[in-house]
2 protein chains.
Amino acid sequence: MNNFVLKGDVAYSVSKNKTAYAENAYIICIEGKSAGVYRDLPEQYASLPMKDYTGKLIIPGLVDLHIHAPQFAYRGLGMDMELLDWLNAYAFPEETKYADLTYAEKAYDIFANAMKKSATTRACAFSTIHKDATVLLMRKLENTGIVSYVGKVNMDRESPESYIESSAQASAEETERWIHETAGYFNRTYPIITPRFVPSCTPELLSSLGELSRRYALPVQSHLSENRGEIEWVKELEPDSAFYGEVYDKYGLFGDPQKTVMAHCVYSTDDEMELMKERGVFVAHCPASNMNVASGIAPVRKYLDNDLNIGLGSDVAGGHTESLFTTMVETIQNSKLYWRTIDSSMKPLKFEEVFFLATKGGGAFFGKVGSFEKGYEFDALVFDDKTIAHPQPLSLSQRLERLVYLGGDRRCMQAKYVKGLKIL
Amino acid sequence: MNNFVLKGDVAYSVSKNKTAYAENAYIICIEGKSAGVYRDLPEQYASLPMKDYTGKLIIPGLVDLHIHAPQFAYRGLGMDMELLDWLNAYAFPEETKYADLTYAEKAYDIFANAMKKSATTRACAFSTIHKDATVLLMRKLENTGIVSYVGKVNMDRESPESYIESSAQASAEETERWIHETAGYFNRTYPIITPRFVPSCTPELLSSLGELSRRYALPVQSHLSENRGEIEWVKELEPDSAFYGEVYDKYGLFGDPQKTVMAHCVYSTDDEMELMKERGVFVAHCPASNMNVASGIAPVRKYLDNDLNIGLGSDVAGGHTESLFTTMVETIQNSKLYWRTIDSSMKPLKFEEVFFLATKGGGAFFGKVGSFEKGYEFDALVFDDKTIAHPQPLSLSQRLERLVYLGGDRRCMQAKYVKGLKIL
């Protein structure tokens, strides 16, 4: 039984405006779930095995709502174009290589290893259009111990000859084969329906994918309103939809009853935002990518204040790093530039709000995930933050803020638990 | 004699648009200066000691034109205010502590150690108003082996009671004592005249500092046009000056004949820019700080295209990290947001341009510094970038871009040379 106690200095989000702090506290893990955080160890848990992390910082695992596994190989390269050109110049040629399982094996080993060592405990990952490489990726991720949704990508139009599926039907059938092939094989790795984005998918394909999502009760991930050129293109391709998100919605790929996460939402209109709220669609905010491919700044303050479901995405390789601490810093910085350069009524995000986004906000996509409140799945990270020297005393909240800004995920992470399992 | 050869894969800026690449090349160091980069080892250097870094990446050292040493202690904390409030809430209270040499010793040990381990080989650092702590900081930096200008800060108005000098005269006299006290003591650490910024300095003090700069032929560093509130305040305090920079200029603190570096320049007017160009004033571009204290985005494209002197600054602790690789990434990202949200005629910066800024651009403040061209002072960094795994072959230029984006300064720096001396 995975029942145990961790002792240390604990911080976790309770709500978007409230972080709970407890020094020298005990977190109880019972059957993979938190049984709460206590200042004194309750009698009933006194005999459980205890891991003593006294003086160390313990926080919930971080949730990456948007990452492209096959793009990990070229993260930090080719950051000199806007989205659509960048896809053709870098993303599609790299993704094409995953038809070759030898290359895929090599690349996904590197990716899985990096994910394991990162502060990410949950992820929504895009694979490529290739079924077999997608299964391979799922196997690699399963072995890391992190929990992930992995999507075989669908593309049947407006794509390079070497990187496109032969028809809507072929794409849907291959997807269904993939669903059958992986059903019951993994503990921590689940399929997710993944139309790349509207420009890459015919209405026929979107319709079939909506059907698959319904039939197999599978969640959905895609891209939405990321870049001005892309949005114009969607208007040309689907003139009958009032806005970008409506295209997905038309085919049952936009939330309720299935969970859906849409990456970017830099330029979502009020109508689009309203529909997302109605359908419970999650926003994956990807600030690095929004800067690197020059898309712009997403109005996160607006989404938060309107109580949309929202979390963070590294969006490797539009984003250059899998580090969600970096994403957190960029999220705060971007919100300040949004306030300064675009709309001074949109107040910069506070640290607590971004900590919420990175944990409980995105975690909601996975259920009760991203907090240490009773009943939440037990994902925890332990940091020996004292190894980053300082001359003055620091409060627990200061230690947390500093840990994030100074990149503690790479510098002093000491242990990682996912769903009650110690994976690092 | 410090004469030797390094062998490895070499990259360095030749001009703002041109990076030179040479795989398996030899860099010759003769008496602390580069004698050039060669594909084949020239006969005359064949007997010099050679350090073999085959397969590793060698680039010039990075130059930090703006960093506050006493703020290093609280980097990554208190990122919830704009500049002027932030100074009062965080910077001034922390800097006040450096009256106590015991605290200063502890804090500056941490700072110097971090600078030594960083990719920075040259820095322009602010100290505090305290003479003795400034001398202590100089001693610590001297021991690291990096080359730096260090400034005792001057403040005689509009400052907290606990952190202000008693009069313009007292401030100037203490500064002159400091200049005498440190003259001839250090090999690699030089004094620089450092009025904090116009709001903190009376005209009388600025006038005395201009006089000291002339008398002792000392360079100057300060802040300029960083934040809208600050600029308004300067207008109120100095209504006779047409623009912020003119105040410094009036007192001989704005370049030619002495070197001057001004941090930020987010909102410099065309007149200010023109005067900076005329006087050869250096811009220290500090993107992290410009985001963190919500100042805005500086028009670096404009400065570059107008051939101003310009380099990068970490601006710890407005900036949250001393890593200039991070500053490089932020510089590119900021230029993209500037283009996207402020002025679409200002093209995003290219990687080569930012590599130039971080090395040869800022290096010019120190003389012939920041390149491996013949005659340049020998500052070099060696990276074992293969330790960051990748599945595909990479060109040398790709390796460099990737190294910077992936934070190679913390992950795989293997050796550091400054002015011909191996310090790490």
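A quick note: this is a predicted structure, and the numbers were derived from the prediction, not measured.

Cut-off values and rules
Residues numbered from 1 in each chain as written. Chains lettered and ligands numbered in written order. Predicted model: local features only at pLDDT ≥ 70, side-chain atom pairs only at ≥ 80, totals over all residues. Heavy atoms only, no water. Least-squares fit on C-alpha atoms with pLDDT ≥ 70 in both. Domains from an automatic or database assignment. Buried area = accessible area lost by both parts, 1.4 Å probe. Salt bridge = Lys/Arg side-chain N within 4 Å of Asp/Glu carboxyl O. Polar contact = N/O pair within 3.5 Å; in protein donor to acceptor, adjacent residues only side chain to side chain. Nonpolar A, V, L, I, M, F, W, Y, C, P; charged D, E, K, R; others polar. Helix = DSSP H or I, 4+ residues; strand = E, 2+ residues; numbered from the N terminus. Buried < 20%, exposed > 50% of the residue type's maximum accessible area, 1.4 Å probe, protein only. Contact = heavy atoms within 4.5 Å. Axes fitted to C-alpha atoms, helices over the stretch in contact; angles between N-to-C directions. Parallel < 35°, antiparallel > 145°, perpendicular 65-115°, else oblique. Pairing = 2+ DSSP bridges. Phe/Tyr/Trp six-rings, centres within 6.5 Å; stacked < 30°, edge-to-face > 60°. Right-handed = clockwise from strand over helix to strand, strands pointing away. Bend = angle between axes of the 7 residues up to and from the residue. pLDDT = per-residue confidence, 0-100.

### Structural notes on the relation of the copies chain B and chain A
At step 1: Superposition record for chain B on chain A: RMSD 0.0 Å, screw rotation 180°, translation along axis 0.0 Å. The symmetry that links the two subunits is that of a two-fold axis. By C-alpha distance to the rotation axis, the residue of chain B lying nearest is Thr341(B), at 3.5 Å.

### Comments concerning the domain arrangement of chain A
Residue and element names in this part refer to chain A.
At step 1: Here chain A is partitioned into domain 1 (4-61 + 371-422) and domain 2 (62-366).
At step 2: Distance between the C-alpha centres of domain 1 and domain 2: 29 Å.
At step 3: With both sides pooled, the region where domain 1 packs onto domain 2 buries about 2,600 Å², and carbon together with sulfur makes up 57% of that total.
At step 4: Put simply, Lys16 and Asp307 hold a salt bridge, and the shortest N to O gap is 3.0 Å.
At step 5: Along the contact surface separating domain 1 from domain 2 lie 16 residue pairs in polar contact (both at pLDDT 80 or more).
At step 6: Residues that form the side of domain 1 that touches domain 2 fall into these classes: 16 nonpolar, eight polar and nine charged.

### Digging into the pattern of salt bridges
Pairing between side chains becomes possible if they bear opposite charge and their charged atoms approach one another.
Residue and element names in this part refer to chain B.
At step 1: Inspection of every chain in the model, using the stated rule, returns 52 salt bridges over all chains.
At step 2: When the shortest N-O distance is used, the salt bridge between Lys302 and Asp270 registers 3.6 Å. Linking Lys302 in helix 10 (residues 300-305) with Asp270 in helix 8 (residues 270-279), this pair joins segments that are 32 residues apart in sequence.
At step 3: Classification of Asp270 by relative accessible area gives partly exposed; the value is 47%.

### So, the interface of chain B and chain A
At step 1: Contact residues are listed per partner, giving 47 residues for chain B and 48 residues for chain A.
At step 2: Taken together, the two surfaces of chain B and chain A that pack against each other cover about 4,000 Å², and 58% of this comes from carbon and sulfur.
At step 3: Per-residue buried area on chain B facing chain A is highest for Leu77(B), Arg340(B) and Pro391(B); these three make up 16% of the total on that side.
At step 4: Glu82(B) is paired through a salt bridge with Arg340(A); the nearest N and O atoms lie 2.5 Å apart.

### Here we look at the environment of Val329(B)
At step 1: Checked against the element boundaries, Val329(B) lands in helix 11 (residues 324-342).
At step 2: Overall, Val329(B) belongs to the buried group, its relative accessible area being 6%.
At step 3: Excluding its chain neighbours within four sequence positions, the residues that come into contact with Val329(B) are His320(A), Val404(B) and Tyr405(B).

### Details of the environment of Lys33(B)
Residues and elements named next belong to chain B.
At step 1: Checked against the element boundaries, Lys33 lands in strand 3 (residues 33-38).
At step 2: Judged by relative accessible area, which is 43%, Lys33 ranks as partly exposed.
At step 3: Taking the C-alpha atoms as reference, Lys33 lies 44 Å from Arg157; in sequence the two are 124 residues apart.
At step 4: With sequence-adjacent residues up to four places away left out, Lys33 is seen in contact with Ile28, Gly375, Tyr376, Glu377 and Phe378.

### Here we look at the packing of helix 11 of chain B against helix 13 (residues 396-405) of chain B
Residues and elements named next belong to chain B.
At step 1: Contact pair helix 11 / helix 13: the axes reach a minimum separation of 7 Å and the direction vectors enclose 95°. The angle between helix 11 and helix 13 falls in the class roughly perpendicular. Residues Phe325, Met328, Val329, Ile332 and Lys336 of helix 11 form the contact with helix 13, whose own contacting residues are Leu403, Val404 and Tyr405.
At step 2: Considered class by class, the residues forming the contact of helix 11 with helix 13 number seven nonpolar, no polar and one charged.

### Structural notes on the sheet that holds strand 4 (residues 50-60) of chain A
All names here are of chain A.
At step 1: Judged by pairing direction, the sheet is mixed, and its seven strands sit side by side in the order 3-2-1-4-15-16-17 without closing on themselves. Two strands lie at the open edges of the sheet, namely strand 3 (33-38) and strand 17 (421-422), each paired on one side alone.
At step 2: Looking at chain direction, strand 1 (residues 4-15) and strand 2 (residues 18-30) are connected through ten bridges and run antiparallel. Of the residues in strand 2, the one forming a bridge with Leu6 is Ile27.

### Overview of the sheet that holds strand 5 (residues 62-68) of chain B
All names here are of chain B.
At step 1: The parallel open sheet is built from four strands, whose spatial order is 5-6-7-9. Of all strands in the sheet, those with a lone pairing partner are strand 5 and strand 9 (189-191), marking the two edges. Between one strand axis and the next, the sheet turns through 20° on average, direction left out of account.
At step 2: Note: strand 5 against strand 6 (residues 120-126), five bridges, orientation parallel. Bridge pairing in strand 6 places Ile67 opposite Ala125.

### Details of the packing of aromatic side chains
Residue and element names in this part refer to chain A.
At step 1: Tallying each qualifying case throughout the model produces 45 aromatic pairs over all chains.
At step 2: Their ring planes at 85° and their centres at 5.5 Å tell us that Phe4 and Phe378 sit as a pair that is edge-to-face. Of this pair, Phe4 sits in strand 1 while Phe378 sits in the loop between helix 12 (351-363) and strand 15 (380-383); the two residues are 374 residues apart in sequence, bridging distant segments of the chain.
At step 3: Counting every residue linked through ring pairs, the aromatic cluster contains Phe4, Tyr12, Phe372, Phe378 and Tyr417.

### Points about the pairing of strand 13 (residues 282-285) of chain A
At step 1: Where burial is concerned, the two faces of strand 13 of chain A agree: the one with Phe282(A) and Ala284(A) and the one with Val283(A) and His285(A) are both buried.
At step 2: Handedness of the crossover is the feature at issue here: the chain leaves strand 12 (residues 260-264) of chain A, passes through helix 8 (residues 270-279) of chain A, returns alongside strand 13 of chain A, and the resulting connection is right-handed.

### Some words on helix 1 (residues 83-96) of chain A
Residue and element names in this part refer to chain A.
At step 1: By the largest-angle criterion, Ala89 marks the main kink of helix 1, which is about 30°, and a proline, Pro93, follows within four residues.
At step 2: Residues of helix 1 that are buried include every one of Leu83, Trp86, Leu87, Ala91, Phe92, Glu94 and Glu95, and no others.
At step 3: Residues of helix 1 that are buried make contact with strand 5 (62-68), helix 2 (101-117) and helix 6 (228-237).

### Looking at unusual backbone geometry
At step 1: Across the junction of Asp256(A) and Pro257(A), the peptide omega takes the value 10°, indicating a cis bond.
At step 2: With respect to the element layout, Pro257(A) can be found in the loop between helix 7 (244-250) and strand 12.
At step 3: Non-glycine residue Glu31(A) carries a positive phi angle of around 50°.
At step 4: Relative to the elements of secondary structure, Glu31(A) occurs in the loop between strand 2 and strand 3.
At step 5: We note that Cys265(B) has phi near 50°; this positive angle belongs to a residue other than glycine.
At step 6: Summarising the element assignment, Cys265(B) is placed in the loop between strand 12 (260-264) and helix 8.

### Side note on the confidence of the model for chain A
At step 1: Per-residue pLDDT for chain A averages 97, and the proportion of residues at 70 or more is 100%.
At step 2: For this predicted complex, the interface confidence score (ipTM) comes to 0.97, while the overall pTM stands at 0.98.

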